[in-house]
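# Examining the three-dimensional arrangement
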Amino acid sequence: ALEKKRPREESVHRESSASVQTVTVPQVDAHPATAAAHTDALNEAAVRATQPRPVATPVRSPETLQSIRELERLHSSGGALLGRALLGRVQTRSDFATGTGFRVRLKDSTGEIDVKFWSRAADDFKERSGLQPGAVLQIQGFKTRKLTGPNQIEFAPAGRSIELVFDNQSDIQIEVLSLPTEAEPSRDLTPAEAIRKPERTVVSVIGWVVAMSDLQDMDCKDGKQMVMRELWLAEALDAEVSARARWVLWNDMAQAWGPKSLYRKKIVLRGARVKQPPGNIPKELTGGFRSGGISIVQQ
């Protein structure tokens, strides 16, 4: 009789259960059933605690990703730039001579653009290991700023009319997608090596000033006048003329560095840019960092 009653009770239970819909909420067992399970849980928690934190705040809106060319188009047309993001590889980085500001140059398939860090952003990100040549970054929260003046345009990447700026924004987001695989040791180039670099490359050069001109007045297309000085650099004082590299200084730097300071002196030049003059003329160097860009090597 008991055996006949049990199937009937189970049948009634199934029918009553079928009439009630329940939702099962997954629960985490706070007390693992075995010592081994407890150890595994502790190990997993330890791994999560010791995993490195992101180099910077992850970008959360990849759907707003833009190319460098598109950012420039939006800026020129007055389009909406709020929340736009950019992905690119760091080509170069340079720290400004004064303060904590610095610049990184990013490149994507449409070109290159300078990203400048000032004020609080410079303090927060200057020591981040991912902001180095070779790293791939995704950035958001930047401002766009139009380049003005001949110096800004000359030292900007080819074809660029804007730069990106981080300073005191509260919504800065930077994600390092990959760190540099190998750090290329930086070194000073000979003049001949420097002018073999691609146009607009910023270089550091060591060499002798073997010849230089007096100051020359130059008329610009906009009607303004500039002062320039031509210098020739070589690896050795007795180098052949064909082994020399032309170097041009402008305005205040041209006036500050005359023959008494530089002629037949060995120097280290930092922040010069490789330039390709029009026509069949060899590449040359122009400018340098205004602060600390030229130093005399003591013999």
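Residues numbered from 1 in each chain as written. Predicted model: local features only at pLDDT ≥ 70, side-chain atom pairs only at ≥ 80, totals over all residues. Heavy atoms only, no water.

## A closer look at the layout of surface pockets
- Here the second largest pocket defines a volume of roughly 760 Å³.
- What lines the second largest pocket is a set of 33 residues, and nearest its centre among them are Phe96, Phe155, Gly288, Phe289 and Arg290.
- Contributions of two or more residues to the lining of the second largest pocket are made by β2 (85–95), β3 (102–108), β4 (111–117), α5 (150–155), β7 (162–166), β12 (245–250), α7 (251–256) and β13 (266–275).
- No other element matches the four residues that α5 contributes to the lining of the second largest pocket.
- Of the residues assigned to the lining of the second largest pocket, the class counts are 13 nonpolar, nine polar and eleven charged. (1 Å grid on protein atoms, 1.4 Å probe; cavity = no way out; pocket = protein on both sides within 12 Å on 5 of 7 lines; lining within 4 Å. Points joined across faces, edges and corners; volume = space filled by probe spheres on them. Helix = DSSP H or I, 4+ residues; strand = E, 2+ residues; numbered from the N terminus. Nonpolar A, V, L, I, M, F, W, Y, C, P; charged D, E, K, R; others polar.)

## Observations regarding helix α3 (residues 68–77)
- Regarding α3, the residues found buried are Ile68, Leu71, Glu72 and Leu74. Within α3, the buried residues cover an arc of 160 degrees as seen down the axis, which keeps them to one side. Of the exposed residues in α3, those oriented more than 90 degrees away from the buried face are Arg69 and Ser76.
- Two residues or fewer after α3 comes Gly78, characterised by a positive phi angle close to 75 degrees. (Buried < 20%, exposed > 50% of the residue type's maximum accessible area, 1.4 Å probe, protein only. Arc of directions from axis to C-beta.)

## Here we look at unusual backbone geometry
- Phi is positive for Asn251, close to 50 degrees, though the residue is something other than glycine.
- Mapped onto the elements of the fold, Asn251 is located in helix α7.
- The class of Asn251 is partly exposed, set by a relative accessible area of 27%.
- The backbone of Arg264 sits at a positive phi, close to 60 degrees, despite the residue not being glycine.
- Turning to its location among the elements, Arg264 is positioned in the loop between α8 (259–262) and β13.
- Taking relative accessible area as the criterion, Arg264 reaches 45% and is therefore assigned partly exposed.

## What to know about the confidence of the model for the protein
- On average, residues of the protein score 78 in pLDDT, and 75% of them reach the 70 mark or higher.
- Counting contacts from residues 1–62, a segment whose pLDDT is below 50, to residues more than four positions away or on other chains yields 27 contacts. (pLDDT = per-residue confidence, 0-100. Contact = heavy atoms within 4.5 Å.)

## Focus on the packing of aromatic side chains
- Taken as a whole, this structure holds four aromatic pairs when the rule is applied.
- Their ring planes at 50 degrees and their centres at 6.0 Å tell us that Phe117 and Phe125 sit as a pair that is tilted.
- Phe117 gets classed as buried once you look at its relative accessible area, which sits at 2%.
- When its relative accessible area of 8% is taken as the criterion, Phe125 is described as buried. (Phe/Tyr/Trp six-rings, centres within 6.5 Å; stacked < 30°, edge-to-face > 60°.)

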